[in-house]
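Structural overview
Below are the chains, spelled out letter by letter.
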Amino acid sequence: MPGPGAAALALPLLALPLLALPPAPPPTLPRPHGPRCVLEKEAQFNTTYADWVDADLLNIYAFNHSVCRNRTEGVRVSVNVLSDHKDLPVLFVVRQKEAVVSFQVPLILRGLYQRKYAYQEVSRTLCQPQTKAEVETQHFYVDVSTLSLNASYKLRVTRVENFVLRTNERFSFNATAAQPQYFKYEFPEGVDSVIVKVTSAMAFPCSVISIQDILCPVYDLDNNVAFIGMYQTMTKKAAITVQKKDFPSNSFYVVVVVKTEDEACGGALPYYPLSKDAAPDEPVDQHNRQKMLEVVVSPAITSEAYVSSVLFCLGIFLSFYILTLVIACWESCRQQKRKGLLAAMDSPSLDTASLLGHARSIPDSFLGHSPYDSYGYGSFGNGSSGSTEGVTDSMGSAEVPYGYVGERSLENVASRPRLDSLSSVEEDDYDTLADIDYDKNVIRTKQYLCVADLARKDKRVLRKKYQIYFWNIATIAVFYALPVIQLVITYQTVVNVTGNQDICYYNFLCAHPLGNLSAFNNILSNLGYVLLGLLFLLIILQREINYNRALMRNDAHALECGIPKHFGLFYAMGTALMMEGLLSACYHVCPNYTNFQFDTSFMYMIAGLCMLKLYQKRHPDINASAYSAYACLALVIFFSVVGVVFGKGNTAFWIVFSVIHIVATLLLSTQLYYMGRWKLDSGILRRILHVLYTDCVRQCSGPMYVDRMVLLVMGNIINWSLAAYGLIVRPNDFASYLLAIGICNLLLYFAFYIIMKLRSGERIKLIPLLCIIGTSVVWGFALFFFFQGLSTWQKTPAESREHNRDCILLDFFDDHDIWHFLSSIAMFGSFLVLLTLDDDLDCVQRDKIYVF
């Protein structure tokens, strides 16, 4: 009997034959039991074929139809697979003369994050091949196959009614993501461009409108509609202007596709997957995601409309040149008459300001009274309204009541020496820095200041100082404009090459292309800024020439009377207005989220320069330097960009900005109240507590500078309110919010200036009064058109198009173009107000013109 060792030896011996056997073959997939059966059927239009197919069967449906050369007829294939085999779809292949279209059912379309959506019902319109014969019979075949064991389906082929769209005739239809629609349009004779308008009563589902050339295949699915042609997303409105020159066949397809998701149009993403048991890559059935739409094709404007619109635009703004020339001639005639009158009265000639700065007028003192005898200047409620005491020197005591008195004799002004010793003191005339500071403290902390107190620096020094404003803004304009122009040209090129009209936020219902530009009308309407800015520069140049001539004649009024003439800020304002037109035109080449600052940057600069000019009128020696002013404006533009990019719904940003806004308001208020005679250092808190103790606790006394305090209190109330509004509401359009802050402060300061000017016994002459009234009216109409809101880059392109409107002027300009027209005129008028506002003081000595 064998032992255990023998058994152990036998096991490996038995295993040797098993190792020698060949490996088992892999399992094979099920194969057809026999050769595939091909079943071809003659099929008819408008007949529903309920059939089935399996892995062993191929169904072929043969259709034929007559094609006429002068008539286009659409053919549509509709299928519905009744079997639910998502992993084994049914394949439909349509074979035509010049094209092959294939699709599977269920049709799987992908959305965002590669989400899958399945559609059981699919309809496709067949691309129609061209024919040269009068009538030609064409054949096409629909092949149906699958790997499923048994799949039931329905097939129906129909002719499409109204496949060719007619001019100005509306056509309604339905579309889904798996049942897109497209139609053909042929340009009529004499029509070079048309506008295709598609509307819907329902915002969602989101859809895509595409304009494609007459080529096969037609890209009419969500995953390929952006391959060729022009396209834009749509909720309720869409409009595309099509030019005949872009389509050699003088015809095109209008393709309408419903997207699988609404995210591109600002809608919410659906929950996915819909159940916990569903696999992550399981397709979602969207059921009946259908949209009702209406399309109409209308002729666009003709080339004659372009010419007439350009001439209209030029005529409006060139009329301002003619009007300025007429006023200049009228003033020249008045000047000659005044010269004769003055010569007859044996009086020295008097220069008074006109629009161009060379008109002459008779001072009221010739009529036997002073215009200031019945007025007084003082604090609110306690002004000395009838002071007739002698005018004290500007270096005299600060205890003298603040009031205008009768004018000094002009002979005394002409005969006495110039006040260079008083008004042209340079800091080099002092021995030590302490003397300079002491003198500034004595002068600037007086309770009542005259312009002569703040016009002590040498005119040549100040002229060079303020000319820096012009040269700096000219330099900024060149370096800012060149990359901007290059960028917007690139944007326009991308739009033209890709056809993606969602890149730019136009008013598509009134966007007239010219050359490579998609919206020429929005660019043309900015011409007013450039022409009126240039006109303002010419007016300033004429004024400066007249003023320099008066200085060369040693004219006493030019030397000692009126607001000191410094033209550098005016040149900067005119240049800023021209640049606003250029950069606004650049922005409107392709308006969108990434280049919004092109349209607003110089608006901030214009608002800042106007405030600086208004302050400079009565404070020429202590106005901000160009470097600090432009640095502050650059900081404003920086916050504008940061606010638009990061400020939407960001609580931390709004808190930081509001704190900075309030702190900056307090610092600026302190600077203005003390005329710059304070220091921001480690002892600032101690000095604040000391002032509060002495003025409020120890001795309750009112503010020393009541008028300034009233202005600054009102300014702080308004700015604190705006900061609170921003922090609570957090407006989406941060750029406009920031611009509103600047405009509110400018209007507040301008109103204060006008009120204080009238309270001081000064008057407003006819030309500035007309400018104020006319400018206010124009600003009102301009703001009305501005708030129409024809588009907004704060929303998706499809949502922005819901605000689009038709043209309202000459069938060429829309509401925003009229805003460009009116705002350019209003800005020009505002500049003229600043230029001529103090012309009534040109015969008043500076030590009798009070500072406020």
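The following refers to the structure shown.

Let us look at the overall build of the protein chain. Within the protein chain, the regular secondary structure consists of 19 helices and 21 strands. Every one of the 852 residues in the protein chain was classed for burial, and the buried ones make up 50%. Long-range pairs, those at least 24 residues apart, make up 80% of the contacts in the protein chain between residues at least 6 apart in sequence. Total accessible area on the protein chain stands at roughly 41,000 Å², and carbon and sulfur atoms take up 63% of it.

Quick look at the state of the cysteines now. Overall, the coordinates contain three disulfides when judged by the stated rule. Here C504 connects covalently by a disulfide to C590, the sulfurs 1.8 Å from one another. For the disulfide bridge between C504 and C590, the dihedral angle about the S-S bond is near -90°, and by the sign convention the bridge is left-handed. Here C590 lies in the loop between α10 (568-589) and α11 (597-618) and C504 lies in the loop between α6 (459-498) and α7 (520-524), a separation of 86 residues in the sequence. Neither residue differs from the other here; C504 and C590 are each classed as buried. Here C510 connects covalently by a disulfide to C807, the sulfurs 1.9 Å from one another. Here C510 and C807 share a disulfide; its torsion about the S-S bond, 110°, makes the bridge right-handed. With C510 in the loop between α6 and α7 and C807 in the loop between α18 (797-800) and α19 (815-836), this residue pair connects regions lying 297 residues apart in the sequence. Accessibility classification places C510 together with C807 in one group, the buried group.

Taking strand neighbours across the sheet as the criterion, the five strands line up as β1-β3-β10-β5-β6 in an open arrangement whose pairing is mixed. Each having just a single partner strand, β1 (37-42) and β6 (100-105) make up the two edges of the open sheet. For this sheet the average axis-to-axis angle between neighbouring strands, irrespective of direction, equals 20°. Pairing between strand β5 (residues 90-95) and β6: six bridges, direction antiparallel. Bridged to R95 within β6 is V100.

Looking now at the sheet that holds strand β19 (residues 251-258). Strands in a sheet are paired, the pairing made by backbone hydrogen bonds, and the direction either parallel or antiparallel. Spatially, five strands are ordered β12-β14-β19-β16-β17 in an open sheet, and the strand pairing comes out mixed. Among the strands making up the open sheet, the edge pair consists of β12 (164-165) and β17 (230-234). Judged from the five bridges that link them, strand β16 (residues 207-213) and β17 form a sheet pairing that is antiparallel. Its bridge partner being in β17, V208 is matched across the sheet by T233.

Turning next to helix α12 (residues 626-646). With 21 residues, α12 should cover 30 Å at 1.5 Å per step; its first-to-last C-alpha distance of 30 Å lies within 8% of that length. All buried positions along α12 are accounted for by A626, A629, Y630, L633, I637, F639, S640, V642, G643 and V644. Buried positions along α12 lie against α6, α10, α11, α13 (651-673) and α16 (734-759).

Before going further, it helps to examine the packing of α11 against α19. Packed helices, taken two at a time, are described by the angle between their axes plus the distance between the axes. Contact geometry for α11 and α19: axes closest at 11 Å, N-to-C directions at 15°. When the axes of α11 and α19 are compared, the pair comes out roughly parallel. Taken as a pair, α11 and α19 cross one another with a handedness that is left-handed. Taking contact as the criterion, the partners of I606, C610, L614 and K617 in α11 are, on α19, M827, F831 and L834.

Counting buried positions along strand β4 (residues 74-81) gives six out of eight residues, so the element sits mostly inside the fold. Two strands pair when backbone bridges link them, and β4 and strand β11 (residues 151-160) are joined in this way by eight bridges, in the antiparallel orientation. Across the sheet, the residue bridging to V75 is R159, located in β11. As paired elements, β4 and strand β9 (residues 121-126) share six bridges and run antiparallel to each other. Across the sheet, V75 pairs through a bridge with L126, a residue of β9.

With burial as the criterion, only one face of strand β2 (residues 48-53) is covered, namely that bearing Y49, D51 and V53; the residues T48, A50 and W52 on the opposite face remain uncovered. As paired elements, β2 and β11 share six bridges and run antiparallel to each other. Among the inter-strand pairings, Y49 is bridged to a residue of β11, identified as L155.

What follows concerns the nonpolar core. Judged by nonpolar contacts, the single largest core of 113 residues is most densely connected at Y469, L609 and F657. Once residues within four sequence positions are removed from consideration, L609 is found in contact with Y469, I473, L569, A572, M573, A576 and Y630. Core analysis: the next-biggest nonpolar cluster, separate from the first, contains 33 residues, F63, V79, V101 and A151 among them.

The next subject is the environment of P106. Inspection of the secondary structure puts P106 in the loop between β6 and β7 (107-110). Take P106: its relative accessible area is 3%, and that puts it in the buried class. Put simply, P106 and Y119 are 13 residues apart on the chain and 5.2 Å apart in space, counted from C-alpha to C-alpha.

With that out of the way, let us pick up the packing of α6 against α11. The geometry of α6 relative to α11 is characterised by a closest axis approach of 12 Å and an angle of 170° between their N-to-C directions. By the angle between their axes, α6 is roughly antiparallel relative to α11. Between α6, through Y466, Y469, I473, I476, A477, Y480, V484, L487 and V488, and α11, the contact on the second element is made entirely by Q597, F598, S601, F602, M605, L609, L612 and Q616. For the contact of α6 with α11, the class distribution of residues is 14 nonpolar, three polar and no charged.

The tally for this structure, following the rule as stated, stands at 54 aromatic pairs. Look at F312 and F813: their rings are 6.4 Å apart centre to centre, the planes differ by 40°, and that puts the pair in the tilted class. Taken as a pair, F312 in helix α2 (residues 303-344) and F813 in the loop between α18 and α19 lie far apart in primary sequence, 501 residues in all. Since its relative accessible area comes to 29%, F312 is described here as partly exposed. Classification of F813 by relative accessible area gives buried; the value is 0%. Arranged with centres 5.3 Å apart and planes meeting at 80°, the rings of F784 and F785 form a pair that is edge-to-face.

With that settled, the discussion passes to the side chain of D143. Mapped onto the elements of the fold, D143 is located in strand β10 (residues 135-146). Look at D143 and you get buried, because its relative accessible area is 12%.

Turning to α11, a few remarks are in order. With 22 residues, α11 should reach 32 Å at 1.5 Å per residue; the first-to-last C-alpha distance of 33 Å fits that figure. Buried residues dominate α11, accounting for 21 of its 22 residues.

Take the environment of D814 next. Tracing the chain through its elements places D814 in the loop between α18 and α19. A relative accessible area of 1% places D814 in the buried class. Residues D814 and N521, spaced 293 residues apart in sequence, show a C-alpha to C-alpha distance of 8.4 Å. Those residues within four positions of D814 in sequence are excluded, and the remaining contacts are N507, C510, N521, N522, L790, C807 and I808. Here N507 takes part through its side chain, which lies 3.0 Å from a polar atom of the side chain of D814. Only 2.9 Å separates the side chain of D814 from the backbone nitrogen of D817, close enough to count as a polar contact.

How each quantity is defined
Residues numbered from 1 in each chain as written. Predicted model: local features only at pLDDT ≥ 70, side-chain atom pairs only at ≥ 80, totals over all residues. Heavy atoms only, no water. Helix = DSSP H or I, 4+ residues; strand = E, 2+ residues; numbered from the N terminus. Buried < 20%, exposed > 50% of the residue type's maximum accessible area, 1.4 Å probe, protein only. Contact = heavy atoms within 4.5 Å. Areas by Shrake-Rupley, 256 points an atom, 1.4 Å probe, with all protein chains shown as cover. Disulfide = S-S within 2.5 Å. Pairing = 2+ DSSP bridges. Axes fitted to C-alpha atoms, helices over the stretch in contact; angles between N-to-C directions. Expected span 1.5 Å × (residues − 1). Parallel < 35°, antiparallel > 145°, perpendicular 65-115°, else oblique. Left-handed = near helix turned anticlockwise from the far one by under 90°. Core = buried A, V, L, I, M, F, W, Y, C linked by side-chain atoms within 4.5 Å. Nonpolar A, V, L, I, M, F, W, Y, C, P; charged D, E, K, R; others polar. Phe/Tyr/Trp six-rings, centres within 6.5 Å; stacked < 30°, edge-to-face > 60°. Polar contact = N/O pair within 3.5 Å; in protein donor to acceptor, adjacent residues only side chain to side chain.

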